Amino acid sequence: MTDSTTNMRLKLPITCFILEIILIILFGVLVQYDHETDSREWHKSNHSDYENDFYYRYPSFQDVHVMIFIGFGFLMTFLQRYGFSSVGFNFLIAAFALQWATLMQGFFHGMHGGKIHIGVESMINADFCTGSVLISFGAVLGKTSPVQLLIMAMFEVTLFAVNEFILLSILGTKDAGGSMTIHTFGAYFGLMVTRILYRPNLDKSKHRNSSVYHSDMFAMIGTIYLWMFWPSFNSAITAHGDDQHRTALNTYYSLAACTLSTYAMSSLTAHDGKLDMVHIQNAALAGGVAAGTAGEMMLTPFGSMIVGFLAGIISVLGFKYLSPILEEKLKIQDTCGVHNLHGMPGILGAIVGAVTAAVATTDVYGDGMKDVFPMIADGGKASYQGGIQAISLAVTLGIALLGGLIVGFILKLPIFGQPPDTICFEDSIYWEVPGEEASHEDQMTAVRTEETEKLNS
Amino acid sequence: MTDSTTNMRLKLPITCFILEIILIILFGVLVQYDHETDSREWHKSNHSDYENDFYYRYPSFQDVHVMIFIGFGFLMTFLQRYGFSSVGFNFLIAAFALQWATLMQGFFHGMHGGKIHIGVESMINADFCTGSVLISFGAVLGKTSPVQLLIMAMFEVTLFAVNEFILLSILGTKDAGGSMTIHTFGAYFGLMVTRILYRPNLDKSKHRNSSVYHSDMFAMIGTIYLWMFWPSFNSAITAHGDDQHRTALNTYYSLAACTLSTYAMSSLTAHDGKLDMVHIQNAALAGGVAAGTAGEMMLTPFGSMIVGFLAGIISVLGFKYLSPILEEKLKIQDTCGVHNLHGMPGILGAIVGAVTAAVATTDVYGDGMKDVFPMIADGGKASYQGGIQAISLAVTLGIALLGGLIVGFILKLPIFGQPPDTICFEDSIYWEVPGEEASHEDQMTAVRTEETEKLNS
Amino acid sequence: MTDSTTNMRLKLPITCFILEIILIILFGVLVQYDHETDSREWHKSNHSDYENDFYYRYPSFQDVHVMIFIGFGFLMTFLQRYGFSSVGFNFLIAAFALQWATLMQGFFHGMHGGKIHIGVESMINADFCTGSVLISFGAVLGKTSPVQLLIMAMFEVTLFAVNEFILLSILGTKDAGGSMTIHTFGAYFGLMVTRILYRPNLDKSKHRNSSVYHSDMFAMIGTIYLWMFWPSFNSAITAHGDDQHRTALNTYYSLAACTLSTYAMSSLTAHDGKLDMVHIQNAALAGGVAAGTAGEMMLTPFGSMIVGFLAGIISVLGFKYLSPILEEKLKIQDTCGVHNLHGMPGILGAIVGAVTAAVATTDVYGDGMKDVFPMIADGGKASYQGGIQAISLAVTLGIALLGGLIVGFILKLPIFGQPPDTICFEDSIYWEVPGEEASHEDQMTAVRTEETEKLNS
C-alpha cells in the first residue's frame, strides 16, 4: 500500500507528457541543424570531411555523456535501498534537462536568424548544464519525488543558462570545465534547495541513509568513470589543438595528485586509520572540479598537481568536519556531500582560474593567447581578466543561492508527492521492487530434488 | 549432480573447436588486410595519415563494441540466477559471431579479387551482425544451451548477411543504423525460434524468471551503456562529415524524448503509479531503434523527438499488454521482451525511414544527396526510394520469420543439451557457481576471534 | 579492534604525502608541456589543428585509461570480501604510478634540454607502465598493505623504465602492446615478489580466498572492459595510419579466437563440463596479451587468430594444472593467476613477435617498413631484428625476476603493516566496512508499519 500523496500515477505521467510535448513543439519552431550537421549547408562550402567538428569533439562528448549517465548515476547508488532511484531518476532528469538546456542555452547564445543551431558543441553544452542539475540532485537525494526533480531541473537549467550567458557572453569569463558555471552553481543551488526543504524529522529514515557493501561497489563504478573521463570533460569545448590537449593533460595530473591526498587524509582523519569509502568515492574527484577553470590555461603540470593536492585535502576535511556542522547548525541536509565535492573545490577552481588569468603573459602563451584569452590578445590587461574571473564567481554564487531559495519554496508546495520523513532514501515508494532472491542453498536443493524426480520418473 | 543430457563436457568443446578451426582456415584462405590496414598498400598512395578511416570510425567502433559486450551482456543480467550465463554466453556467441560475420558479410559484399578485405568498417559491420544475434538471444534467454546458441548464431549470421545483401546491395535500401537489418531481423528471427522451442511447462521455472534487487542494478549498467552509445551505433557507418554528425544528433534527441515517454507510460500503466524496472531497462532504448533508418536523413531534431516519443509509448504498451497475449495465445515465450524493444520499434523505424526517404528533395539535401540517397542524386525519384524502403521491411520480415522457423526446428533436435523445463533460467546447470558468502556478522566474529587469539598467544 | 601493526593511521598518510610532495617538486623542476600541449610552441609553427597528436591518440588513451582503472580494478573484485581493496588500492597505486612513471620514463627517453616533455603519448606510456604494476598487484592481491603496494609501485616503475629503455632505446626492440615490457615484466616481477612474501599459513584465510556470485559479476565488468579495449591498448602508441588500424584489427581477431578456445578448454577440463568463471574472467584475455608485440606487424588476421587460439588454451591449462603446482612446489601464491594471464601469454607474444620480425620482407611491408621496423628499413636484416626480439625477452625476464627478488625482500621488512595470515583477503582490516543491509522483508514490514501508523494518526 502506498501513501496516496506519493502516488505518481497521474502526477508523473502528466508532468512528463506536458514537458516533452512542449519540448517537441519548441524544437519544431526554433531548432535547426547547424552548418556542420545540415546536409545542404555542409556541402555548400569546400570542406574536407575531417574538418567537421564531429571528429574534434565527438569522442570527448561521449566521455562526458558517460560521466552524466553512468558517472553521476552510479555515484549516487551508494545508499542501500535507493539504487533504482539514484540511477533511474538521474536518467529521467538528465534526459529532460539535456533537451531543455538545448533550448535555453540556444536562446541565450546560439540564435542565428531566429533559429537555434545545434551540433556536437551544443550537445556537449547541454550535457554540461545537465551535470549541474545532477549535482543539485545529489544534495536532495532520497528526499524528493521525481516530479519535484523535474520541476527543479526546469528552473535550474533556465537559471544556469542565464548565469552562463552573463559570464561567458557578457563578462567574457573563461570557464571551459565549469568550475563556476557547473560545479559552484550546481552545488550552491542544490544546497539552498535542500536548506529550504529542511526536514527536522529526517532521522526517522536514518537507518536507510547509509551504504551496504554492494551498494558501495556500485558507487565505485560511478566514481571511477567520473575520474577517468574528467580530462575529457574539462577539454570538451576548449579550442581545437593544443588547448584540448593541454586541458586533458592538466586535469589528468590534478586528479592523480588529488587521489593521493584523499587517501592520505581519509586514513589520517579516521581514529583507527581505516579508509572511508565516502571520501574515496567523492574527494578523489575534487581535483577534476578544481581544474575546471584553469585547466585550459598554461597552469603547468606542476600547478595542476598542487591544485589537485589541495582539493583532495579540502574535500576530505569538508566531509569529516564541515558537513556535520552544516547539518546541525545551518540545517543543510546534503545527502551526497556536494558541498565537499563540487562546492568548495569549485570555488578553489574559480580562484585558481582568476589567479592564473591575472598572471598570463604573451611570453608564455605566444600566438595561442587568442584562443585562451581573446580579451588579452586584443590588448586587454591580464589583471582585468583576473578581476572578471573573480567577479564571475560572485555572480555565480549570487544567482545560485537566490535561485535555489526561490525554487526551494516552489518545491515545498505540497502537491509534488514528496516522500514523508519516515520513508526517505527508499526505492519502494516510487518503484516496483522485486522480492528477495531465494537463497542459493534453497535453489540448489530445489534443483537437486527436481533432477532426482526426473531421474526417478 | 548434473543431468547427463545437459553435460557440456564434450559437446561444447567440440563445437567451439570445430567452429574456430574452420574460421581460422577460412580466414587463412580468404581474408586480407584492406588498403588502409595493409602496410604496403597504404604507403603506396599519397595519403595523409589523418585520412585513414581509422580516425573517422574507430571511436564509434569502440562505442558499438561496448554496446555489444557490456550493453547486451549486462542488460540480460536482470534474471536472479542467470547473470553468469547472460554475460558469459553473450560473450561467447558474440566472439564467435563477429568472426563468422566477417566471412559471411565479406563473401556477399566485400570480395576483391577473390579475397575478403577487412578494416574498421568491416569490424563495425561484424559487430552489427553480432548485435542481431544477441537480440535473438534475448528471446530465448534462459532456455537454451551454449551449443544451441552457437548453432543459432551460425545460421542467423548467414541469413543476416543474405538479407543485408538483398537490401543494401541489390535493392539500394538505406539502413545505416539497422532498424530493419539488425533490429527487426534479430527480433522476429528470435521470436520465431522461441515459438518453435515453445515449452508448455516453463512455469516450473517461473520462480527463477524474475529479477532481484542487485540483478536489476547490473541490468541498468547494460541499459545505460546502450542508451549512451546509440548515437555512435546509428552513425558508425554513415558517410563521413555531416552524415555521421547529423545521425548522432538525431539519435541523441530521439532517445531523450523516448526516455520521458517511457517513464510517463510506466507510471501510468501501473495500478499504483510505481515505475517498473522492466520498462526503464528496455523501453527507454526504443528511441534508438526507431531512429536506426532515418537517423542519417534530414529527419530534423523535431522529427527525431516525435519518433522517439512514439517508440517509448509503443514499447511500454507492448511490455504491459501485448507480451502476455503473445505468450498465452501465440505461445511465444519472449524472455527479454525483444518484440517490444527491437521488434515493434524496428518496424516503426523502417516506416519512418520509408516516409522520410519518400519526401527527400534536393532543396533540403543539396549536394549531400549523393551521400544519403545516391539513387535520388543519380536522378531517381524519392517516392521510388520510399517504396524500396517499404519493400525492404517486408523482405526482412519474411527472411527473419522463415529463417527462424527452420533454425528453430534444427535447434529442437535433442542433441544440443538444452535445459529441462524445471531448470531454466539457472546458471548452475552450465556453470560452476560459488557458494554463498559467509554473512558479514559471521566474518566479523571470525576476524575478532582470530585477533583475540593472536593477542592472547 | 584492529591489530596495531596493521593500523594505517600514520603509515599511509605519511607515505602518500611524502611521495606526492616529492612528485610535485620533481614535476616543478623537471616537467614541461611538449610542443603539442604548449600554447606558444604549438602556435609557432604552421600546423592544422587536426594534425595535433591529441586527435590521433586521445580516444585510444581513454580506452587504455578505462582498462587501467575499471579493467584491472574490477577484474580483481572477484574475492568475496576484498572488493573495496581491489578497486580502491588499484585506484591508489595507479594514481601514484602514473605520476612516477611520467618522471621515470621521461628521465630515460623523454628529456629535451634537461626537461621532460609531456603530452598524450607520455600519458599513454605512463598508463602502460602503471598496467605493469597492477599485474604484479594481482599476484600479491589480498596479502599486502597499501603502504607495501606503494613501495612496490615505486621500485617497479623504476625498473620498468630501465627495462623499457634497454629494449626500446638501446636494442631497438619493437613491443608496442607490451607483451614483454608490460605483461612479461609485470607478471614475473610480481611472481617473484609473492614468492619472497610466501606465507606458509595462508590457508588460515582460505575461506575468504574465493568468490561469491555477485563478486564474480563485478569481476566480469573488469574482464569485458579489458577485452573490448585491448585493440586500443595494443594500437595506442604504434605509428599513425595503417599501423594503428592494423594493430587494432589483429588484436580484435586474436581475442575473438582466444575466447572460443577458452570456453572450449574450460568446459573440457571440468569433470562435469561446467564452465569456470576463473577461466572466462582471465584466459579469454590472453589473446590480447599474446598479440602485444606482433600486433603492429603484418601478422595477418589468420596469424592473429592462431596466436589467440593458442593463448586461450595455454592460459586455461595454466590455471587448471600449473598454478597448483607453482603454489605447492615453488611456493608461489599467485592470487589472480597472473602467470596464466600475463606470464605465459606474454612469453608467447614475445616469441610470436620475434618470429614475425624475422620473416619480415620489403615485399610485404613496402614503404611501411620504416614505421614498423626502422632498423630493417635502414638496411638491417630481418633475422637480426628477430634475434633482438628474442634477446629482449631474456633481458625482461632477468630484470623482472632479479628486481622482484630485491623488492620482495624490501617489502618483507615488518614495518609496512601487512595483514596477518589469518586476515588476508579481507577488506575490514584497512577499510570502514558498512553493516549488512536490513533484509527486504524487514524493510517492507517497516514501511508498512510506518504507513499504517501514519494513516491511523
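Worth saying up front: this structure is predicted, and the values here are computed from it rather than measured.

S.K.: Sorry, what's going on with the relation of the copies chain C and chain A here?
M.R.: What relates the two chain copies is a rotation about an axis together with a slide along it. Screw-axis analysis of chain C against chain A gives a translation of 0.0 Å along the axis, an RMSD of 0.0 Å, and a rotation angle of 120 degrees. On the angle and the small slide along the axis, the relation comes out as a three-fold axis. For chain C, the minimum C-alpha distance to the rotation axis belongs to Pro-59 of chain C and amounts to 3.7 Å. Interface overlap between copies: only 19% of the residues of chain C at the interface are likewise at the interface in chain A, consistent with a contact formed by different surfaces.

S.K.: Explanation requested: the UniProt feature "domain: Ammonium transporter AmtB-like" (unreviewed entry) in chain A in the structure shown.
M.R.: Cross-referencing UniProt, the feature "domain: Ammonium transporter AmtB-like" (unreviewed entry) maps to residues 44-413 of chain A in the present numbering. A helix fraction of 74% and a strand fraction of 2% characterise residues 44-413 of chain A, whose end C-alpha atoms lie 53 Å from each other.

S.K.: I would appreciate a short explanation of the interface of chain C and chain A in the present structure.
M.R.: By a frequent convention, interface size equals the accessible area lost on bringing the separate parts together. Across the boundary between the two partners, chain C contributes 84 residues, which contact 92 residues of chain A. Surface buried jointly by chain C and chain A totals about 7700 Å² across both partners, of which 68% is contributed by carbon and sulfur atoms. Across the chain C-chain A interface, the total number found is 0 salt bridges. One can count 32 residue pairs in polar contact (both at pLDDT 80 or more) joining chain C with chain A. Counting residues per element, the ones that place at least two in the side of chain C that touches chain A are helix H1 (11-30), strand E1 (31-33), helix H2 (39-44), helix H3 (53-75), helix H4 (83-109), helix H5 (120-140), helix H8 (213-235) and helix H18 (440-456) of chain C. Per-element tally for the side of chain C that touches chain A: the top contributor is H4 of chain C, with 12 residues. Classifying every residue of the side of chain C that touches chain A gives 47 nonpolar, 21 polar and 16 charged.

S.K.: Could you clarify how one ought to interpret the side chain of His-342 of chain B in this entry?
M.R.: All names here are of chain B. Checked against the element boundaries, His-342 lands in helix H13 (residues 338-358). Looking at His-342, the relative accessible area reads 4%, which means it is buried. Apart from residues lying up to four places away in sequence, His-342 is in contact with Phe-72, Ile-135, His-183, Thr-184, Ala-187 and Val-289.

S.K.: I keep staring at the sheet that holds strand E3 (residues 115-118) of chain A and nothing clicks. Help me out?
M.R.: A sheet is described by the order of its strands in space; here 3 strands give the open sequence E1-E3-E2 (chain A), paired in mixed fashion. Since the sheet does not close on itself, it has two edges, and those belong to strand E1 (31-33) and strand E2 (111-112) of chain A, each with one partner.

S.K.: Please explain the state of the cysteines as it appears in this structure.
M.R.: As used here, a disulfide is simply a covalent bond connecting the sulfur atoms of two cysteines. Residues and elements named next belong to chain A. For the coordinates displayed, the defined rule picks out 0 disulfides over all chains. Considering cysteine sulfurs only, Cys-424 is the nearest to Cys-336, which forms no disulfide, with 14 Å between them. With a relative accessible area of 10%, Cys-336 lands in the buried category.

S.K.: Looking at this model, I keep getting lost on the interface of chain B and chain C. Mind explaining?
M.R.: On the chain C side, the residues contacting the 84 residues of chain B number 94 residues. Together, the buried faces of chain B and chain C total about 7700 Å²; carbon and sulfur atoms form 68% of this surface. At the boundary of chain B with chain C, the tally comes to 32 residue pairs in polar contact (both at pLDDT 80 or more). No other element matches the 12 residues that helix H4 (residues 83-109) of chain B contributes to the side of chain B that touches chain C.

Conventions adopted
Residues numbered from 1 in each chain as written. Chains lettered and ligands numbered in written order. Predicted model: local features only at pLDDT ≥ 70, side-chain atom pairs only at ≥ 80, totals over all residues. Heavy atoms only, no water. Least-squares fit on C-alpha atoms with pLDDT ≥ 70 in both. Contact = heavy atoms within 4.5 Å. UniProt positions renumbered as here; feature names shortened; annotations may be inferred. Helix = DSSP H or I, 4+ residues; strand = E, 2+ residues; numbered from the N terminus. Buried area = accessible area lost by both parts, 1.4 Å probe. Salt bridge = Lys/Arg side-chain N within 4 Å of Asp/Glu carboxyl O. Polar contact = N/O pair within 3.5 Å; in protein donor to acceptor, adjacent residues only side chain to side chain. Nonpolar A, V, L, I, M, F, W, Y, C, P; charged D, E, K, R; others polar. Buried < 20%, exposed > 50% of the residue type's maximum accessible area, 1.4 Å probe, protein only. Pairing = 2+ DSSP bridges. Disulfide = S-S within 2.5 Å.

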